[in-house]
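Survey of secondary and tertiary structure
Each chain, written out:
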Amino acid sequence: MKIDRVVFSKILISLCLFFSTGLPIIWLKRTFLPSALRLVIFMAFVFSFIILWRDTLKFKRNFKKDFPAWIIAIASLLFAFGRSRFLPPYNTKLYDILILFVGLTLIYRPSRIKGLLIFSSCLIAPVSLAELYGFVPGIYASAFLLTIGIVVGAVFPKLIPVIFTKRHVSFDIILCVLFAFIFGIFSFLMLRFSKGVLKNGRILFDVGHGTIESPVIDYNRHIDSSAEFGHAKLVRFLQSHNFHVDFVDDMTSNSLAESSILVLIMSSKPYTMDEIRKIKDFVSKGGGLLVIGDHTDISNCMSSLNPVIENFGMRLRFDTLWIQTNDRINLSYRHHPATFDIEKVNFSVGSSLDIKPPARPVILSRYATFSDLGDPENKTNAYLGNSKLDPWEKMNDLCLIGECLYGAGKVFVMGDSAYFQNTALYQNTAFAYRLFNWLNHRNGTCATGKIPLAITIVFMLAISVLIIYRRALASSFPSILLISLILSISLSGLYNLKQFPMPENLVNTILVDMSHQNEYTSYWINREKMDTSIDGLIGQIIRTGIFPVIDPKHPICFDKIQSHNAIFIICPNKHYRDKEIEAVAQFVENGGGLLLVEGSRKWAASYDLWERFGLVKDRYPLSADKPILSSLGLPLRLHYGKFQAQFIPHPVTAGVSTINMVNPCKVRGGYPIAFIDGNPVINFKEYGRGKIIAIGDDRFFANYVTEIETKIIDPDKIRLIWNIIDYIAY
């Protein structure tokens, strides 16, 4: 039996879209990694068009007659491919694909692939319309929307004239423009954020109900104790952006009435019915409520907070949300003022949320995530479960963050306390600023409400019916509608950026460059190599009162780095371009600090950068008279404490008793600070008005020799880090 290629392609595209918008085929997702699953979907999507390769050359050839269609099509293709680079949200959306497909239909002549493109556009349109509004469909909603798309996609192409006809009259064009204008207005209303009335910016932190993550707990600088988790960094960050912060032990109606935002962080003591009533009344009158919980009822936070947030349609689950991948971008972000142009929101592990109307999800997990139910008997380990996916546990489409519009106020609930912790705030400053800015406005909504969505749906149905009875509209309307959609998306993005701007540049910052495929990264980028990550170093930067800024993507340029105090470059695997090297040199010459850390591991990647400052590191470690190599010719890893360096008095070595090296190599150039058997391993150099510290040991700042959470391995190493930061960054 011969299979029709077009029918086969339509089925394949339908299944691909079905899989990618919420169908939880657990056995498939256990078989393939999330990245592999996305690749399979993409390849199948492409393959469905490749099988019609004979039709790919059937473009419209009468350029003079079809010139407007070509211009609109090319503009739409450029917009679809480039929008996410300059206009929020900064990731590819379904409406980008819709614009791409509709644009292609304008320049194809009648062909099977043109019909397939029209079918795909109809199929994607309902889901992209929901995405425009900010609705995140689950399995049943996805099935319903895709069914509508399949039905329309099967019927609609037969009603569309495949070429421009002579039946066009001025009335039809006017009607098309009018319809497109109305559609653009309502799509703009769906996408824009209504800011609402600005409140007084007074934030009230509840400290009377106990918490292990109090907003008064700072990241201490006591050498004999580890840094504590808390939210004091968040308080100072908010104060630096003109918020007024107060702490309250006993919530009263008067204290709430004088405040704009109430923050509850992992409360461990239950709220009375009277307190819950006061909180509800505060929100209904226009207050903003932020509730921060965590996994498996740790510190009784679930028992204490659920009676409060259940009034707003949300509830912390007795579970831990595990993500089985380092890809933190594999989340679904609703169109919301707090997240709309942020590439990634970082979190650790927390509870998922049960959510029901009027509450809505803000961030949902997608693939490779599951809800690990807690164990009530596991008291010694925070009631954690077995950390494995059991058949009865939920997988995918789990709510991490939820929000609710209640009366004239707003409620925002996060199931993990790590978003704004002292240790993690540096990764989420934009998210924190946007969130509190949104909570500080009364009567604002995430969109304009459901009326524009309902009107737009009815309007689109009316257009479909009208096209059936007046086919002359069908050939002109897609192009005019496309222009309207592009304009509404662009204008709403610019409008939202103006309404909710990014926070001002932070002062006292150190740029930790991770844009060159660095060997040792951080917990927020790669969680598989925690022992060799540099979170201990980043934690010490925070403890000295400086904000670390991590950039894993963008190349170095002077305009970007000149506002920082110093740059840390640690074990890159990708060569620095000449422009980047000169930017770093200009930065240091103007008074900036530079820390270079490298060993004999992959010396070539940073060789040119070191050489620019007259510094050189040896290719082999100081392991013996002759280098100890593996069977592959690579230097062997040496045990910590194998080498103890001798050092000379210097601001970097002040108060330090011993300097232990892990995998040292000789450093030449500048002035030595530390030696091993007479070989310099730590050097300093003044360059222009700036200072450079060069360390020949790629594992010098590894977590297992600095500090991670509650373990201090080497207090001297901690003091040495503080000295380095003081020397080059202040």
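Note that the structure is a prediction, hence the values are computed from the model and not measured. (Residues numbered from 1 in each chain as written. Predicted model: local features only at pLDDT ≥ 70, side-chain atom pairs only at ≥ 80, totals over all residues. Heavy atoms only, no water.)

1. Topic: the sheet that holds strand β23 (residues 671-676)
- Ordered in space as β16-β15-β17-β18-β25-β24-β23-β20-β21, the nine strands form an open sheet in which the pairing is mixed. In the strand order of this sheet, the two ends are held by β16 (547-551) and β21 (659-661), each with one partner. Between one strand axis and the next, the sheet turns through 20 degrees on average, direction left out of account.
- Helix α16 (residues 535-543) rests against β15 (509-513), β16 and β17 (566-570) of the sheet, and its axis sits at about 140 degrees to β16.
- Lying on the sheet, helix α20 (residues 715-729) is in contact with β15, β17, β18 (593-598), β21, β24 (679-687) and β25 (690-696); it crosses β25 at an angle near 150 degrees. (Pairing = 2+ DSSP bridges. Helix = DSSP H or I, 4+ residues; strand = E, 2+ residues; numbered from the N terminus. Axes fitted to C-alpha atoms, helices over the stretch in contact; angles between N-to-C directions. Contact = heavy atoms within 4.5 Å.)

2. Side note on the side chain of K199
- One can find K199 in the loop between β1 (197-198) and β2 (202-206).
- For the buried K199, no salt bridge exists, and the shortest N-O distance to an oppositely charged side chain is 12 Å, to E403.
- From its side chain, K199 meets the backbone oxygen of L439 in a polar contact 3.0 Å long.
- Once residues lying within four places of it in the same chain are set aside, the contact partners of K199 are S260, G286, G287, G288, L439, N440, H441 and R442. (Buried < 20%, exposed > 50% of the residue type's maximum accessible area, 1.4 Å probe, protein only. Lys, Arg positive; Asp, Glu negative; His and termini not counted. Salt bridge = Lys/Arg side-chain N within 4 Å of Asp/Glu carboxyl O. Polar contact = N/O pair within 3.5 Å; in protein donor to acceptor, adjacent residues only side chain to side chain.)

3. Remarks on the pairing of strand β4 (residues 261-265)
- The buried fraction of β4 is high, at five of five residues.
- Side-chain alternation along β4 places I261, V263 and I265 on one buried face and L262 and L264 on a second face that is also buried.
- When β2 meets β4, the two strands line up parallel, connected through three bridges. Within β4, the position partnered with F205 by the bridge is V263.
- Sheet topology note: the β4/strand β5 (residues 288-292) ladder contains five bridges and is parallel. Across the sheet, I261 pairs through a bridge with G288, a residue of β5.
- This β-α-β element, β4 to helix α11 (residues 273-284) to β5, shows right-handed connectivity. (Right-handed = clockwise from strand over helix to strand, strands pointing away.)

4. Brief notes about the packing of aromatic side chains
- In the structure shown here, the tally under the stated rule is 17 aromatic pairs.
- Where F412 meets W438, the ring centres are 6.1 Å apart and the plane angle is 70 degrees; that geometry is what we call edge-to-face. Taken together, the residues F412 in strand β13 (residues 409-414) and W438 in helix α13 (residues 429-439) connect sequence positions 26 residues apart.
- The class of F412 is buried, set by a relative accessible area of 0%.
- A residue is classified by how much of its surface remains accessible, and W438, at 0% relative accessible area, is buried.
- Aromatic pair F420 and F436: ring centres 6.5 Å apart, planes at 45 degrees, arrangement tilted. Taken together, the residues span a long stretch of sequence, with F420 in the loop between β13 and α13 and F436 in helix α13 at a distance of 16 residues. Comparing F420 with F436 shows no difference in burial state: the two are buried.
- Three or more aromatic residues joined by ring pairs make a cluster, and in this case those are F243, F347, F412, Y419, F420, F431, F436 and W438.
- Stacked on the ring of F700, the Lys or Arg K717 has its end atom at 4.1 Å from the ring centre. (Phe/Tyr/Trp six-rings, centres within 6.5 Å; stacked < 30°, edge-to-face > 60°. Lys NZ or Arg CZ within 6 Å of the ring centre and 35° of its normal.)

5. Notes on the packing of helix α9 (residues 232-240) against α13
- Between α9 and α13, the least distance of the axes is 11 Å, while the angle of their chain directions is 60 degrees. Here the hand of the crossing between α9 and α13 comes out right-handed. Contacts between α9 and α13 involve L234, F237 and L238 from the former and T429, A432, Y433 and F436 from the latter.
- The residue makeup of the contact of α9 with α13, split by class, is six nonpolar, one polar and no charged. (Left-handed = near helix turned anticlockwise from the far one by under 90°. Nonpolar A, V, L, I, M, F, W, Y, C, P; charged D, E, K, R; others polar.)

6. A look at α16
- Within α16, nine of the nine residues are buried, which leaves it mostly tucked inside the rest of the structure.
- Along α16, the positions that sit buried rather than exposed are D535, G536, L537, I538, G539, Q540, I541, I542 and R543.
- Directly after α16, the chain includes G545, whose backbone phi takes a positive value near 90 degrees.

7. Regarding the confidence of the model for the protein
- Summing up the model confidence of the protein, the mean pLDDT is 81 and the portion of residues at 70 or higher is 80%.
- Between residues 161-169, whose pLDDT stays under 50, and residues either more than four places distant or in other chains, the model counts 20 contacts.
- For the stretch residues 635-640, pLDDT sits under 50, and the model shows 22 contacts to residues farther than four places along the chain or on other chains. (pLDDT = per-residue confidence, 0-100.)

8. Points about helix α5 (residues 94-107)
- Between its first and last C-alpha, α5 extends 21 Å over 14 residues, near the 20 Å set by a 1.5 Å rise per residue.
- Counted residue by residue, α5 has 12 buried out of 14 residues, so it is predominantly covered.
- Within α5, the full set of buried residues consists of L94, Y95, D96, L98, I99, L100, F101, V102, G103, T105, L106 and I107. (Expected span 1.5 Å × (residues − 1).)

9. Focus: unusual backbone geometry
- Looking along the chain, the bond that leaves P357 and enters P358 is cis, with omega of 10 degrees.
- Locating P358 in the fold gives a position in the loop between β9 (353-355) and β10 (360-365).
- Residue M266 is not a glycine yet carries a positive backbone phi of 45 degrees.
- Its location among the elements puts M266 in the loop between β4 and α11.
- The class for M266 is buried, based on a relative accessible area of 1%.
- Phi at D297 takes a positive value of approximately 60 degrees, unusual for a residue other than glycine.
- Within the fold, D297 resides in the loop between β5 and α12 (301-309).

10. Examining the environment of K344
- Inspection of the secondary structure assignment puts K344 in the loop between β8 (331-333) and β9.
- Overall, K344 belongs to the partly exposed group, its relative accessible area being 24%.
- Separated by 87 residues in the primary sequence, K344 and F431 place their C-alpha atoms 9.1 Å from one another.

11. Things to note about the pattern of salt bridges
- One pass over the full model with this rule turns up 16 salt bridges.
- Between R83 and D96 there is a salt bridge whose closest N-O contact spans 2.7 Å. A residue pair is termed long-range when its members are at least 10 positions apart, and R83 in helix α4 (residues 67-86) and D96 in helix α5 qualify at 13 residues. Like R83, the residue D96 is buried in the burial classification.

12. Description of the environment of A585
- Its place among the elements puts A585 in helix α18 (residues 578-589).
- Residue class for A585 comes out buried when judged on its relative accessible area of 1%.
- Between the C-alpha atom of A585 and that of Y687, which follows or precedes it by 102 residues, the distance is 8.5 Å.
- Setting aside residues no more than four positions away along its own chain, A585 makes contact with R612, F613 and Y687.

13. What about a nonpolar patch on the surface?
- Together, F8, V46, F47 and I50 make up an exposed nonpolar region whose accessible area comes to about 340 Å².
- On the secondary structure map, F8 appears in helix α1 (residues 5-20). (Patch = residues over 30% accessible without salt bridge, like charges linked within 9 Å, V, L, I, M, F, W, Y side chains within 5 Å. Areas by Shrake-Rupley, 256 points an atom, 1.4 Å probe, with all protein chains shown as cover.)

14. Things to note about the environment of L87
- Topologically, L87 is positioned in the loop between α4 and α5.
- Sequence spacing of L87 and L497 is 410 residues, and the spatial spacing of their C-alpha atoms is 9.2 Å.
- Not counting residues within four places of it along the chain, the set of residues in contact with L87 comprises F79, I489, S490, G493 and L494.

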